Amino acid sequence: MKALLLSGSPRKDGNTEALMDRISGHFEKAGIKGEVISFADVTVMPCKACGVCRKKTDKKCVINDDDFHRIFEVMCDSEIIICGSPVYFGSATPNLMGFLDRAGYVARSNGNLFARKIGGPVAVARRAGQNFTFAQLLYWYMINDMVVPGSSYWNVAIGREPGEVANDQEGIATIDRFAENCIWLAHKLFA
Ligand SMILES: Cc1cc2nc3c(=O)[nH]c(=O)nc-3n(C[C@H](O)[C@H](O)[C@H](O)COP(=O)(O)O)c2cc1C
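Residues numbered from 1 in each chain as written. Predicted model: local features only at pLDDT ≥ 70, side-chain atom pairs only at ≥ 80, totals over all residues.

Running from N to C, helix H2 (residues 66–77) and helix H3 (residues 94–109) point in directions that differ by 55°, and their axes come no closer than 11 Å. Classified by the angle their axes make, H2 and H3 are oblique. In the packing of H2 onto H3, the handedness of the crossing is right-handed. Note on element contacts: H3 touches H2 through Phe-99, Arg-102, Ala-103 and Val-106, opposite Phe-68, Phe-72 and Met-75. The class makeup of the residues in the contact of H2 with H3 is 6 nonpolar, no polar and 1 charged. (Axes fitted to C-alpha atoms, helices over the stretch in contact; angles between N-to-C directions. Helix = DSSP H or I, 4+ residues; strand = E, 2+ residues; numbered from the N terminus. Parallel < 35°, antiparallel > 145°, perpendicular 65-115°, else oblique. Left-handed = near helix turned anticlockwise from the far one by under 90°. Contact = placed C-beta atoms within 7 Å. Nonpolar A, V, L, I, M, F, W, Y, C, P; charged D, E, K, R; others polar.)

This part covers the sheet that holds strand S4 (residues 118–125). With parallel pairing, the 5 strands of this open sheet are ordered in space as S2-S1-S3-S4-S5. The sheet terminates laterally at strand S2 (33–38) and strand S5 (156–158), the two strands that pair on one side only. Each adjacent strand pair in this sheet contributes to an overall mean axis angle of 15°, direction not counted. Two elements, strand S1 (residues 2–7) and strand S3 (residues 80–86), share 5 bridges in a ladder whose sense is parallel. Looking across to S3, one finds that Leu-5 is bridged to Ile-82. (Pairing = 2+ DSSP bridges.)

The next thing to look at is unusual backbone geometry. At Asp-13, a position not held by glycine, the phi torsion is positive, near 60°. Mapped onto the secondary structure, Asp-13 falls in the loop between S1 and helix H1 (15–29). Even without being glycine, Asp-145 reaches a positive phi, approximately 65°. By the secondary structure assignment, Asp-145 is in the loop between helix H4 (130–143) and S5.

By themselves, these are just geometric observations and shouldn't be taken as functional.
Encoded structure:
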C-alpha cells in the first residue's frame, strides 16, 4: 500500500512538512509506504478552464508542466492521499489549491480516479483560520468521492516559526489519531 502526503507550504522544513513527515512515519511503521512531496519544490500553474481534460480520457492536463503530471501519477497510484496546508489569510495556499483544482478536474473527467481512496486535510497556522482551511480542503475530498476518517479533533495545529507545531500537544495528538484511523481504515479496505 502507498500513501502520498502533499505539504502545501512554500517553506521547506516548515510546520506543514513536519506534520506530513509525522503522519508518513506512522504509515511506514504500519507497512504503508509514505511519500512526502513538498510544494517548496513544486510550482504548478492554476487551472485555465479550457475544458480539454473533459473531452479526453488520457489522464492528462493540457498545461504541460512536469510537476503536475509527476505528482498526479503518484496520486493515482496511492491508496491514501493527505493534503496539508499552512493557513494564508484564512485559506489554503494558492499553489496547493491550483494543483488540486487541476488534479480533481482531470480525475473526475477520467471516471473519478480518486474514488474510495482514503485521506483528509491538515491545516496549520500561527493563530486562526485553520478550521476554514480544513473545511476548504475537505470540499475537495468529498467531491472527489473519497473516504475521510475522523480524529479526536479537526486536523488542525498551531505554530508560527518552523518546528513550533511540535509544541502543540493537542494538535499532535489529533494528527496521530488521524494517522491511526487512516491506517485502520486502509487495512479494512485494501488489505
Ligand atoms: C502570507 C502568509 C499569510 C498567513 N496568514 C495567516 C493567517 O491567516 N492566520 C494565521 O494564524 N497565520 C497565518 N500565517 C502564518 C502561517 O500560517 C504559520 O507561520 C504556519 O506555521 C506556516 O506553516 P509552514 O511552516 O508549513 O509554512 C501566514 C503566513 C504567511 C506567510
